[in-house]
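Structure at a glance
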Amino acid sequence: VQHKYVQLKNGMTYHYVFAMPPNVNTVISPTTTVILIHGFPDSWYGWRRQIPLIAAAGFRVICPDMRGYGETTAPQEDGAYCMKYICEDLSLLQEALNIPKAIYIGHDWGGTFVWNMVQAYPERVLAVGAVCTPFQATPQTNPWPRMVKNGPGSRFDYQIYFQKEYDAIGEMDKDIGRSYKISHRSHETKFTDVDDEVENIPPTERNGWMNHIAPDAIRDEKCLVSEEELEYYIYLCKKAGGFHGGVKWYRNVESNWKYMRQVLTERGMEDKPMVYHEALMITAGKDAVLTPTMVDKYTVPFVPNLTRGHVEDAGHWVLVENWSKDNGIPQFLIANRMIVNWLLSSKVTNAIRNGGPASSISNSHL
């Protein structure tokens, strides 16, 4: 892989990792681009176990540090992390790199982003995929008042806590290494070093996201295999000035809603915001927040050309979980196989050939 930097027309500087298929002449050989989008609290490095494989399958791979992360510009203002500006960033990144259309795949917040990107800039997208994060149609009414009312005490309570200016960011910045050791855990290690009594108190009430875990939290070798991996995350976080950028993605629920309602209105999809592109949805059976059952409820009715994959024994960090239960295959390799099989499928190949959504409707499983 190569590390590259580009300044966009809007003044943002993006760092991204670039990989090409072996023995491909980048000047004379047209190659389809796959853009991989990370979530919170992550960086391009969250896709480290997929980038070489996707490139080896014949694709150009672009994997950026998103706005607020790693070596990409990290504005201070909360409003700078609205989806309006982040979608614009990636459209401008494609323009700067002379990539008219690309396949997008995202994880966590990156999943939310790619679903928004395919609706806001459908002409930029050949096909779209998400890991863990289901498509959820933008509601007709502002979701923020309902979240403020129902979020406290729910599994989304931490997102309410993230609205606190110093508390959330300060807690994570205080010990960056500890923050990553706690955030990047498999479901089997999730409750290691945990104070059960404090764990049962919502973050908003205990005034902390990670204060239920011992100060000397262990590094989960299933997700962060080596100390070198942990140290690289720490390095990238320091380059971004801490966790403020990532946390502020959570502070734009209302502005994101307004932006997406505007997008849907302009595209005549106010009543039924469909996604007709070929789509991939990989769920993880042990993801406690982004549960697989959400896909049937929120995604299936709006994404007719959906291919589904599922990794039952993996948690939220399915893209890096380097362990196996009883079949001898590491969890990330199961996800990798699903991603590459989808990319090489006739449905995606036809979408590449047609330059966009297929005309027929099909649902399948990997």
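Quick note: structure is the one above.
Residues numbered from 1 in each chain as written. Predicted model: local features only at pLDDT ≥ 70, side-chain atom pairs only at ≥ 80, totals over all residues. Heavy atoms only, no water.

So, about the overall build of the protein chain. A count of helical and extended segments in the protein chain gives 15 helices and nine strands. Its C-alpha radius of gyration of 20 Å places the protein chain within 12% of the 21 Å reference for a compact globule of 366 residues. Taken along the three principal axes of its C-alpha coordinates, the protein chain extends 55 × 45 × 45 Å. Across the 366 residues in the protein chain, those meeting the buried criterion constitute 59%. Counting every atom, the protein chain has about 15,200 Å² of accessible surface; 51% of that belongs to carbon and sulfur. (Helix = DSSP H or I, 4+ residues; strand = E, 2+ residues; numbered from the N terminus. Rg over C-alpha atoms; globule rule 2.2 N^0.38 Å. Buried < 20%, exposed > 50% of the residue type's maximum accessible area, 1.4 Å probe, protein only. Areas by Shrake-Rupley, 256 points an atom, 1.4 Å probe, with all protein chains shown as cover.)

Now for the packing of aromatic side chains. A complete count under the given rule lists 22 aromatic pairs for this structure. Ring geometry for Tyr158 against Phe162: centres 5.6 Å apart, planes inclined by 80°, an arrangement best described as edge-to-face. The pair formed by Tyr158 and Phe162 is uniform in burial state, with each residue classed as buried. Directly above the aromatic system of Phe18 lies the positively charged group of Lys4, at a separation of 5.7 Å from the ring centroid. Sitting over the face of the ring of Phe332, Arg49 holds its NZ or CZ atom 5.3 Å from the ring centroid. (Phe/Tyr/Trp six-rings, centres within 6.5 Å; stacked < 30°, edge-to-face > 60°. Lys NZ or Arg CZ within 6 Å of the ring centre and 35° of its normal.)

Taking burial as the measure, the six residues of strand β8 (residues 306-311) include five buried ones, the bulk of the element. Inspection of the sheet shows strand β7 (residues 278-284) paired to β8 by six bridges, in the parallel sense. The partner of Met281 across the bridge, within β8, is Arg308. Since β7 and β8 lie parallel, the crossover through helix α13 (residues 293-299) that links them has a hand, and here it is right-handed. (Pairing = 2+ DSSP bridges. Right-handed = clockwise from strand over helix to strand, strands pointing away.)

A word on the nonpolar core. Leu90, Ile103, Tyr104, Ile105 and Phe113 are the most contacted members of the largest nonpolar core, which totals 107 residues. Considering every element that reaches this core, the biggest residue donor is helix α3 (residues 109-120), with seven residues. Here Ile103 is in contact with Thr32, Thr33, Val34, Ile35, Phe59, Leu126, Ala127, Trp342, Leu343, Val348 and Ile352, once residues within four sequence places are set aside. (Core = buried A, V, L, I, M, F, W, Y, C linked by side-chain atoms within 4.5 Å. Contact = heavy atoms within 4.5 Å.)

On the secondary structure map, Thr33 appears in strand β3 (residues 33-37). Owing to a relative accessible area of 1%, Thr33 belongs among the buried residues under this scheme. In the structure, Thr33 is positioned 61 residues away from Gln94 in sequence and 9.8 Å away in space, judged by C-alpha atoms. Every residue in contact with Thr33, bar those within four places of it in the chain, is listed here: Arg60, Ile62, Ile99, Ala102 and Ile103. Within the structure, the side chain of Thr33 is placed 2.5 Å from the side chain of Arg60, a separation counted as a polar contact. (Polar contact = N/O pair within 3.5 Å; in protein donor to acceptor, adjacent residues only side chain to side chain.)

It is at 10 Å that the axes of helix α2 (residues 83-96) and α3 come closest, and there the two elements cross at 75°. In terms of orientation, α2 and α3 fall into the roughly perpendicular class. Between α2 and α3, the contacting residues are Met83, Ile86, Cys87, Leu90, Ser91 and Gln94 on the first element and Trp109, Thr112, Phe113, Asn116, Met117 and Ala120 on the second. Residues belonging to the contact of α2 with α3 are distributed by class as follows: eight nonpolar, four polar and no charged. (Axes fitted to C-alpha atoms, helices over the stretch in contact; angles between N-to-C directions. Parallel < 35°, antiparallel > 145°, perpendicular 65-115°, else oblique. Nonpolar A, V, L, I, M, F, W, Y, C, P; charged D, E, K, R; others polar.)

Applying the stated criterion across every chain, the model contains 14 salt bridges. Across the pair Glu221 and Arg219 runs a salt bridge, and its minimum N-O distance is 3.9 Å. Residue classification places Arg219 among the buried positions, given a relative accessible area of 18%. (Salt bridge = Lys/Arg side-chain N within 4 Å of Asp/Glu carboxyl O.)

Along its 14 residues, helix α12 (residues 253-266) runs 20 Å from first to last C-alpha, staying within 8% of the 20 Å computed at 1.5 Å per residue. Inspection of α12 places Asn256, Trp257, Tyr259, Met260, Arg261, Val263 and Leu264 among the buried residues, and these make up the whole buried set. For α12, the secondary structure elements touched by its buried residues are α2 and α3. Positive backbone phi, approximately 70°, marks Gly268, located one or two places after α12. (Expected span 1.5 Å × (residues − 1).)

Attention now goes to helix α6 (residues 165-174). Among the residues making up α6, those that are buried are Ala168, Ile169, Gly170, Glu171 and Met172. Next to the buried residues of α6 lie α5 (157-161), α7 (176-183) and α11 (244-248).

As for its placement among the helices and strands, Thr72 is situated in the loop between β4 (60-64) and α2. Within the structure, the side chain of Thr72 is placed 2.9 Å from the backbone nitrogen of His15, a separation counted as a polar contact. A polar contact is formed between the side chain of Thr72 and the backbone oxygen of Asp65, at a distance of 2.6 Å. Not counting the four nearest positions on each side in its chain, Thr72 is found in contact with Met12, Thr13, Tyr14, His15, Asp65, Met66 and Arg67.

Our focus in this paragraph is the environment of Ile37. Note that Ile37 resides in strand β3. Separated by 86 residues in sequence, Ile37 and Glu123 place their C-alpha atoms 18 Å apart. Among residues more than four places away in sequence, those in contact with Ile37 are Trp47, Pro64, Met66, Leu90, Tyr104, Ile105, Gly106, His107, Gly110, Phe113 and Val114.

Below, the discussion takes up unusual backbone geometry. Note that the residue after Phe40, namely Pro41, is joined by a cis bond; omega there is -20°. Mapped onto the elements of the fold, Pro41 is located in the loop between β3 and α1 (51-56). Phi is positive for Asn98, close to 55°, though the residue is something other than glycine. In this fold, Asn98 is placed in the loop between α2 and β5 (102-107).

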